[in-house]
Amino acid sequence: GEEEEPTYLTCDQSTNVCGIDADKAPTCTPSTTPGLGTNCTSENYCGADVTTGIAECLNYPSSCYDNKCKGEEEEPTYIDCDQSTNVCGIDADKAPTCTASATPGVGTNCTSDNYCGADDTTGIAECLNYPSSCYDNKCKGEEEEPTYLTCDQSTNVCGIDADKAPTCTASTTPGAGTNCTGTEHTDFYCKDDEADGAALCMYTPPHDCYNKKCTGQQDYSTTVIDCDQSVNVCKFNDTGFPECSADSRGEGVNCSHSDQFYCNSDESGAGLCVVPPVHTCYNTKCWGNAIFSKVSIDCDQSSNRCTFNGTGYPTCTDTTRGAGVDCTGTEHTDFYCGKNITTGDALCKETPPHDCYDKTCTGEQDYNTTVIDCDQSVNVCKFNDTGFPECSADSRGNVQVQRHRIPRMLR
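Residues numbered from 1 in each chain as written. Predicted model: local features only at pLDDT ≥ 70, side-chain atom pairs only at ≥ 80, totals over all residues. Heavy atoms only, no water.

Caption draft 1: Region of interest: the overall build of the protein chain. The helix and strand tally for the protein chain stands at zero helices and 40 strands. The C-alpha atoms of the protein chain give a radius of gyration of 46 Å, which is well past the 22 Å a tight globule of 411 residues would have. Considering only contacts within the protein chain whose residues lie at least 6 apart along the sequence, 31% involve residues at least 24 apart. As displayed, the protein chain offers around 26,000 Å² of accessible surface, 49% of which is attributable to carbon and sulfur atoms. Mean positive and mean negative side-chain charge positions of the protein chain (25 and 65 charges, respectively) differ by 27 Å. (Helix = DSSP H or I, 4+ residues; strand = E, 2+ residues; numbered from the N terminus. Rg over C-alpha atoms; globule rule 2.2 N^0.38 Å. Contact = heavy atoms within 4.5 Å. Areas by Shrake-Rupley, 256 points an atom, 1.4 Å probe, with all protein chains shown as cover. Lys, Arg positive; Asp, Glu negative; His and termini not counted. Charge placed at Lys NZ, Arg CZ, Asp CG, Glu CD.)

Caption draft 2: Molecular detail of the pattern of salt bridges. All told, the structure shown has eight salt bridges when counted by the stated rule. Between Lys-213 and Asp-226 there is a salt bridge, with the nearest N and O atoms lying 2.9 Å from each other. Residue Lys-213 is found in strand 22 (residues 213–215), and its partner Asp-226 is found in strand 23 (residues 224–226); the two are separated by 13 residues along the sequence. A salt bridge links Asp-334 to Arg-396, with the shortest nitrogen-to-oxygen separation between them at 2.7 Å. With a gap of 62 residues between them, Asp-334 in the loop between strand 34 (324–325) and strand 35 (335–339) and Arg-396 in the segment after strand 40 (389–392) connect regions that are remote in the sequence. A relative accessible area of 26% places Asp-334 in the partly exposed class. (Salt bridge = Lys/Arg side-chain N within 4 Å of Asp/Glu carboxyl O. Buried < 20%, exposed > 50% of the residue type's maximum accessible area, 1.4 Å probe, protein only.)

Caption draft 3: Region of the structure containing the environment of Cys-348. Note on placement: Cys-348 falls in strand 36 (residues 346–350). The partly exposed category is assigned to Cys-348, whose relative accessible area is 28%. Cys-348 sits 11 residues away from Cys-337 along the chain, and the two C-alpha atoms are 5.3 Å apart.

Caption draft 4: Fine view of the side chain of Asp-66. With respect to the helices and strands, the residue Asp-66 is situated in the loop between strand 5 (64–65) and strand 6 (68–70). Of the side chains bearing the opposite charge, Lys-70 lies closest to the buried Asp-66, which forms no salt bridge; the N-O distance is 11 Å. For Asp-66, the side chain forms a polar contact with the main-chain nitrogen of Ala-125, separated by 2.8 Å. Apart from the residues within four sequence positions on either side, Asp-66 is in contact with Cys-81, Asp-82, Gln-83, Val-106, Gly-107, Gly-123, Ile-124 and Ala-125. (Polar contact = N/O pair within 3.5 Å; in protein donor to acceptor, adjacent residues only side chain to side chain.)

Caption draft 5: Region of interest: the nonpolar core. Formed by Cys-134, Cys-180, Phe-188, Ala-199 and Cys-201, the largest nonpolar core amounts to five residues. In this structure Cys-180 touches Ser-133, Cys-134, Phe-188, Cys-201 and Tyr-203, once residues within four positions along its chain are discounted. (Core = buried A, V, L, I, M, F, W, Y, C linked by side-chain atoms within 4.5 Å.)

Caption draft 6: Looking closely at unusual backbone geometry. Despite not being glycine, Gln-218 has its phi angle at roughly 55 degrees, a positive value. For Gln-218, the location among the structural elements is in the loop between strand 22 and strand 23. In this structure, His-332 takes a positive phi of about 75 degrees despite not being glycine. Look at His-332 and you get partly exposed, because its relative accessible area is 44%.

Caption draft 7: Looking closely at the packing of aromatic side chains. Applying the stated criterion to the full structure yields five aromatic pairs. Ring geometry for Tyr-115 against Tyr-130: centres 5.1 Å apart, planes inclined by 45 degrees, an arrangement best described as tilted. Taken together, the residues span a long stretch of sequence, with Tyr-115 in strand 11 (residues 114–118) and Tyr-130 in the loop between strand 12 (125–129) and strand 13 (134–135) at a distance of 15 residues. Arranged with centres 5.2 Å apart and planes meeting at 80 degrees, the rings of Phe-292 and Tyr-313 form a pair that is edge-to-face. One end of the pair, Phe-292, is in the loop between strand 30 (285–287) and strand 31 (296–298); the other, Tyr-313, is in the loop between strand 32 (305–308) and strand 33 (314–317), with 21 residues separating them in the sequence. Under the relative-accessibility criterion, Phe-292 is labelled partly exposed at 22%. When its relative accessible area of 33% is taken as the criterion, Tyr-313 is described as partly exposed. The ring of Tyr-262 has Arg-305 lying over it, and the distance from NZ or CZ to the ring centre is 3.7 Å. (Phe/Tyr/Trp six-rings, centres within 6.5 Å; stacked < 30°, edge-to-face > 60°. Lys NZ or Arg CZ within 6 Å of the ring centre and 35° of its normal.)

Caption draft 8: Main features of the state of the cysteines. Under the defined criterion, the tally for this structure stands at 20 disulfides. Disulfide pairing is shown between Cys-81 and Cys-98; the S-S distance is 2.0 Å. Every disulfide takes its handedness from the sign of the S-S torsion; for Cys-81 and Cys-98 that torsion is 75 degrees, giving right-handed. Taken together, the positions of Cys-81 in the loop between strand 7 (78–80) and strand 8 (86–90) and Cys-98 in strand 9 (residues 96–100) put the pair 17 residues apart, joining distant regions of the chain. Among the residues examined, Cys-81 registers a relative accessible area of 2% and is labelled buried. As a non-bridged cysteine, Cys-18 has Cys-11 as the owner of its nearest cysteine sulfur, 4.3 Å distant. Judged by its relative accessible area of 48%, Cys-18 falls in the partly exposed class. Counting only cysteine sulfurs, Cys-40 is the nearest neighbor of Cys-46, a cysteine outside any disulfide, at a range of 5.0 Å. For Cys-46, a relative accessible area of 67% translates into the label exposed. (Disulfide = S-S within 2.5 Å.)

Nothing here speaks to function; it is geometry throughout.
Right, dumping it as C-alpha cells:
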C-alpha cells in the first residue's frame, strides 16, 4: 500500500494485479494479464521476500558451492563467501557483497565419484576426482561423431572447447580413472582400453609356482623368451611379440598343500608342482654339479633338498625333503638308517631276527678289545668314527654278531 505506514496484502501476481484504493491501501484484483515479477534461469526456482513479497530467483541446492563473490567494477574484485550458507550481491559501488541466507548461493552438482574444490581465483566450485589406482589415457569430445584425444589423466584433466572437441589440460589434481583392489605391481597392473582409453585393472592373482617363459601370439606364437613370472608378467606388443614386463607377477599354477612340494617348470616354461617321494632313509650330503661335481656339503635330506646354483655349486634348500632310499620292514626292528661315510648316501642297515642275541658289543680298530654291555635283542652294536663301541636303540642286533667260544661244559 501507499499509506503513511505501508501495509502489505498477500497477492499471487501470476494471476492478479495490485492496485491502490481510496485510502491508499493495497488491493489485489484477478487479471488475465500477470502482475509484477522477475525472470530467472533454468538453474533457479522462484521464491519471494518474506516481508515485501518481491519475487526472488533462488538457487537449487548443489553438491559443491562457490566460495567467492565477484564484483561488477571496471576491474572486478573478489571477496571470500561460502555460498552454502550465504548469497552474493552487488552494492551501490558495484562491489561484491556476501549476505547470510537461509537458501544457498551458486554452486555445481557433482557425483559420488567427486569431491568439492574451487578455482583459486574466481572461487567457482569444481568437481574434483578422487585419486585412482589407474587413470584413463584419452579424453572424449562431445561432437556429433565424438573424437578422442590422447591424455594421461594421472597429471591432466579433460575438458571441452567451444567446438565441443576434447581438450587435455595439465592439472595438480588428477582426472578420471578407476580403483583396483590390492597392491599395484603385485595384485594388479594398469591398462587402458584401446578404443576409448578407459582405465582397466588387470588382476594377477598369486600362484604357488610360476611360469618361467613367455610365448608370443599371432605371427609370434612360436617365439619364446625367458620370463620369471613370479616377479614379471608376460605381455605382447601390437604385433604379438612377447614382452617380459615388471608391471606385476604373471601366470602360474596352484599346488595341493596336502604334502610337501617344490616348484619346477616343463620344457615350455610352464610352472610345475613337484612332490618329492617319501623315503625311509635320507641322504646326508649334497654333491655339486659340473665343475663342482666333486664338492659336497652336509645336507640332512629328511627335511632339506639338494640343489645347485648357477655354477653348479651345491646348496641345501629347506623347502622340502630330498633324496634317499626305501627299506623293507619296520624301522628300528627290521632295519635302521645308515649312510655311506664318503658319499653321504642313505643305506638300509637290515637287522634280521635271531633266536638268541648277543649281550655285549665289542669295538673295532684300536678298540677291538673294548667290550661294553649291550642287549642286542633290543639294541644294535655300532661304532663311532674311532671304532669305539656304542649300544644304540636304533634296532635289534644285526647278523654280524660277535662270535663267542662255547664253554666246554655246554658242548
